[in-house]
Amino acid sequence: MSLEGFLQNIVNSLQLGSFYALIALGYSMVYGVLLLFNFAHGDIFMVGAYIGLFVATAILALVALTSIVLPGWLILVLTILAAMLLTSFVGITVERIGYRPLRNAPRASAAITGLMIGIILETGNLIILGAENYSFPALIETSTYQIAGVSITNKKIMIVVVALLLMLALHQFVQRTKWGMAMRATAYDFAVVPLMGVPLNQIAALTFALGSGLAASAGILFSLAYPVLSPYMGITFGWKAFVAAILGGRGSILGAAVAGFMLGFIEIFVAAFFPSTLRDLIAYSIILVILVFRPHGLFGEAYTAQLRL
Amino acid sequence: MNKRTLLIITGLFLIGAFIVSGCAQAAQPAIVIGVNAPLTGDIPKVGEGSKFSAEMWLEDINAAGGLDVGGTKYPVEIVIEDNESKAESATKANTKLITQDEVLVIVGPQSSKQAVPAGGVANDNETPMVSPWSTNPNTTLDRPWVFRTPFLDPFQGPVIANFVTDEFGFSKAAVLYDVASDYPKGLAEFFKGAWEDVHGADSVVAYESFTTKDADFSAQLTKIRESGAEFIFTPQYYNEVALIAQQAHELGWDAPIVGSDSWGSAELMNLCGDDCKGQFFSTHYAAAGATGATKEFIDRYNEKHGYVPDDVGALTWDTMLIIQKAIQDCGTITGDIATDRACVRDALAQIKDFDGITGKMTFTEEGDPIKCAVIVQISDAGEFEFYQQVCP
């Protein structure tokens, strides 16, 4: 492979990895705090993309109606923020209806609930919006730059930068705020910490809200890069992000981010060096091997009854 | 929400669903035709096109007071089953149509991924099936009960290879296809074979694949860009074409991207936009500039549904008329479903020079028609314009 091809694939991997990382964070946080695999997370990502589509369409319609001039990037920022907020409520609702009644149930029951909520979200979308594929509006004009034979678009740069900023913001929130501290405490021991006055229900809701918000941002960035929306877009992508969450290490925010990018790199470079027919076979065999040697993931710690984030 | 309320709500919901679905079932009519189509899933627009055409045909039959078979008018009912664009759901839908709804003949499934396995079910149960869109040879191969109305991929592959050779004078091809779906995989192979026949071994310089539901093709496209290929052939469905064309252009690709009949959906331009303008693909009919019965059909469909029908709509229309002719050729409806199915199968096999809106059709031994393909170019207005016709 030529140098240009190599560099081009690094750019490709960074974009793909951003999505995996953002979605993996949601899985990882919920698992860390509530010891729960939220299998509906991939579908929350899908819901986030659709909410983003509606917010963007609504803003565009409003702009057209009132002849206010808004630059594309501003509409995009507003769309991301509004969709993150709205999708947080979806996440909170899912937690309230689907998971809270099962908080003390066997973990397998809660995981199955997640799968069912996922199916309800997919088919609910199908019934409300029909099976049609929707196209996400191109909010910002795509410009392609050629740097040393490598094609980079402004969208790709923006996607990676926004994803990194969001991860940084999450890290600061969890490490620096009182709520973040409460989350970490709950992750440490969710049986005892509530006895110290930490409201478990609110922490659970907050965890779901943060995870869903990140999934929504991933959904919108994803729709900008791949502007065809369908009710099933979250399934396979959600699974892969789940792999990244496990690879990163149970409940580790840094781990989920690193593993998300790593998964992007592995997928792209396997397809680049081997016949692309074998891409998933080889890529996921590599991950299997990594897990055999590091069963707790890259940044995970060995399981003890107390430590979970 | 306490558990009892939840239970009551779920219970009421289920009872309601039963009542609604109960109402939808009418008394058993004399002639039932099953349609097995992807109304949801990856390619809903394809299912919609078939459904609309079948319903238009039914309107005509109902307006005439039923289907005239040997002097008696029989009421006709169409049962439409959704196969969710999945192979396993398509076989399930066929089984239901055959055993539960006791249909006389099945129309569909559309894409080969569903039509190949579903054709097996129809053949094993001795029920005639006509696929309006499947171009993979395996759909009808060694299946006397299965027919189709489009041309086949062993024909389409060389048509595209020859067209690109003559039109552009290229000698290095790249192929990008879905390895998990029968139609793209089959057509990619036929194209590769045909291209190498003309340009010699190793003239397909990149032969890249992905799997259904992938959205990122950047690694494959980077490889294609590196390979020195002069164009990309991608026999994919409209939703994937939109992503492939856009990502190719973002990677600095500016050579042609050539497609096959799966491109020809009204939805393509909504999703793909400028990235698809000027590209060529092979298909069954060109809507822009059609005349005669074809134009009549297009206008009627357009008026009713607000868009120009896809090739699958036109092919379904032909399919409905062919099965109508086969049923009428039978002469009588005995009421014994096995006898009637056998009679319709034999009548289908006998059909000669049927003048459809997508061309003249005579079924071969395998139940495949021999017909022409057209190459269309996507105009700047987003219309599929006739470019040339290629006949076998």
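Per chain, the residues get numbers from 1 upward, laid out in the order the sequence is written. Each chain takes a letter, starting from A, and each ligand takes a number, starting from 1, following the order in which they are written. Confidence filtering applies because this is a predicted model: local features only for residues at pLDDT of at least 70, side-chain atom pairs given and counted only at 80 or more, and all residues used for totals across whole chains, interfaces and linings. Working from all heavy atoms in the structure, the side-chain values ignore hydrogens and water.

A short note on the domain arrangement of chain B
Residue and element names in this part refer to chain B. What fixes the domain bounds is an automatic or database domain assignment. The assigned domain composition of chain B is domain 1 (31-150 + 291-371) and domain 2 (153-283). Domain 1 and domain 2 are separated by 29 Å when their C-alpha centres are compared. Residue-level contacts link 19 residues of domain 1 with 22 residues of domain 2. A 1.4 Å probe defines the accessible area here, and the buried area is the portion of it lost by two parts on being joined, summed over both. Both faces considered, domain 1 and domain 2 share a buried interface measuring about 1,500 Å² in area, 48% of it formed by carbon and sulfur atoms. Contact with domain 2 buries area across many residues of domain 1, yet Asp42, Lys113 and Thr135 alone supply 34% of it, more than any other trio. Polar contacts here mean pairs of N or O atoms no more than 3.5 Å apart (in protein, one a potential hydrogen donor and the other a potential acceptor; neighbouring residues in sequence count only if both atoms are side-chain atoms). Summed over the shared surface of domain 1 and domain 2, the number is eight residue pairs in polar contact (both at pLDDT 80 or more). Under the grouping applied here, Gly and all other residues not named as nonpolar or charged are polar, the nonpolar ones being Ala, Val, Leu, Ile, Met, Phe, Trp, Tyr, Cys and Pro and the charged ones Asp, Glu, Lys and Arg. Residues belonging to the side of domain 1 that touches domain 2 are distributed by class as follows: nine nonpolar, four polar and six charged. Here, two residues are considered to be in contact whenever any of their heavy atoms come within 4.5 Å of each other.

Side note on the environment of A:Ala209
All names here are of chain A. Counting from the N terminus, the helices are DSSP H or I runs at least four residues long and the strands are E runs at least two residues long. Along the chain, the position of Ala209 falls in helix α7 (residues 200-225). In the structure, Ala209 is positioned 125 residues away from Met84 in sequence and 8.8 Å away in space, judged by C-alpha atoms. Those residues in contact with Ala209, other than ones at most four positions away along the chain, are Ser88 and Ile92.

Describing the pattern of salt bridges
In what follows, salt bridge is the name for a side-chain nitrogen of Lys or Arg lying within 4 Å of a carboxyl oxygen of Asp or Glu. Applying the stated criterion across every chain yields a total of 26 salt bridges over all chains. A salt bridge links A:Asp280 to A:Lys240; its shortest N-O distance comes to 3.6 Å. Here A:Asp280 is found in helix α10 (residues 279-293), whereas its partner A:Lys240 is found in helix α8 (residues 234-248), with 40 residues between them in sequence. Only protein chains enter the accessibility calculation, which uses a 1.4 Å probe. A residue is then buried if its area is under 20% of the maximum for its type, exposed if over 50%, and partly exposed in between. On the basis of relative accessible area, A:Asp280 is assigned to the partly exposed category, the value being 25%. Between B:Asp60 and B:Arg300 there is a salt bridge, with its nearest N and O atoms 2.7 Å apart. On the criterion of sequence distance, the pair formed by B:Asp60 in helix α2 (residues 44-63) and B:Arg300 in helix α10 (residues 292-305) is long-range, its members being 240 residues apart.

Things to note about the interface of chain B and chain A
Listed per partner, the contact involves 34 residues of chain B and 42 residues of chain A. Across the chain B to chain A interface the summed buried area is about 2,800 Å²; carbon plus sulfur atoms make up 50%. On the chain B side of the contact with chain A, B:Asp216, B:Glu250 and B:Leu271 bury the most area, a combined 19% of that side's loss. Run the count over chain B and chain A and you get two salt bridges. A salt bridge links A:Arg279 to B:Asp214; its shortest N-O distance comes to 2.7 Å. Those elements that place two or more of their residues in the side of chain B that touches chain A are β9 (204-210), α7 (218-227), α8 (238-250) and α9 (267-272) of chain B. Taken together, the residues that form the side of chain B that touches chain A break down as 12 nonpolar, 12 polar and 10 charged.

Structural notes on the state of the cysteines
Formally, a disulfide is one covalent bond, and it connects the sulfur atom of one cysteine to the sulfur atom of another. All names here are of chain B. In this description, a disulfide is simply a cysteine sulfur pair whose atoms lie within 2.5 Å. Going through the model one piece at a time under the given rule, you end up with three disulfides over all chains. Between the sulfur of Cys330 and that of Cys343 lies a disulfide, 1.8 Å long from S to S. Taken as a pair, Cys330 in helix α11 (residues 311-330) and Cys343 in helix α12 (residues 337-350) lie far apart in primary sequence, 13 residues in all. Exposure remark for Cys330: the relative accessible area of 17% places this residue in the buried category. Exposure remark for Cys343: the relative accessible area of 24% places this residue in the partly exposed category. Linked covalently through their sulfurs, Cys372 and Cys391 form a disulfide whose S-S length is 2.0 Å.

Comments concerning the sheet that holds strand β6 (residues 129-131) of chain B
All names here are of chain B. Whether two strands pair depends on DSSP finding at least two bridges between them. The parallel open sheet is built from five strands, whose spatial order is β4-β1-β5-β6-β7. Both outer strands of the open sheet, β4 (76-82) and β7 (146-148), are each paired with one neighbouring strand and no more. Neighbouring strand axes in the sheet, compared pairwise and without regard to direction, differ in orientation by 25 degrees on average. Alignment of β6 against β7, held across three bridges, turns out to be parallel. Following the sheet pairing, Ser131 is matched in β7 by Arg148. Where helices are involved, their axes are fitted lines through C-alpha atoms of the stretch in contact, as for all axes, and angles between N-to-C directions lie from 0 to 180°.

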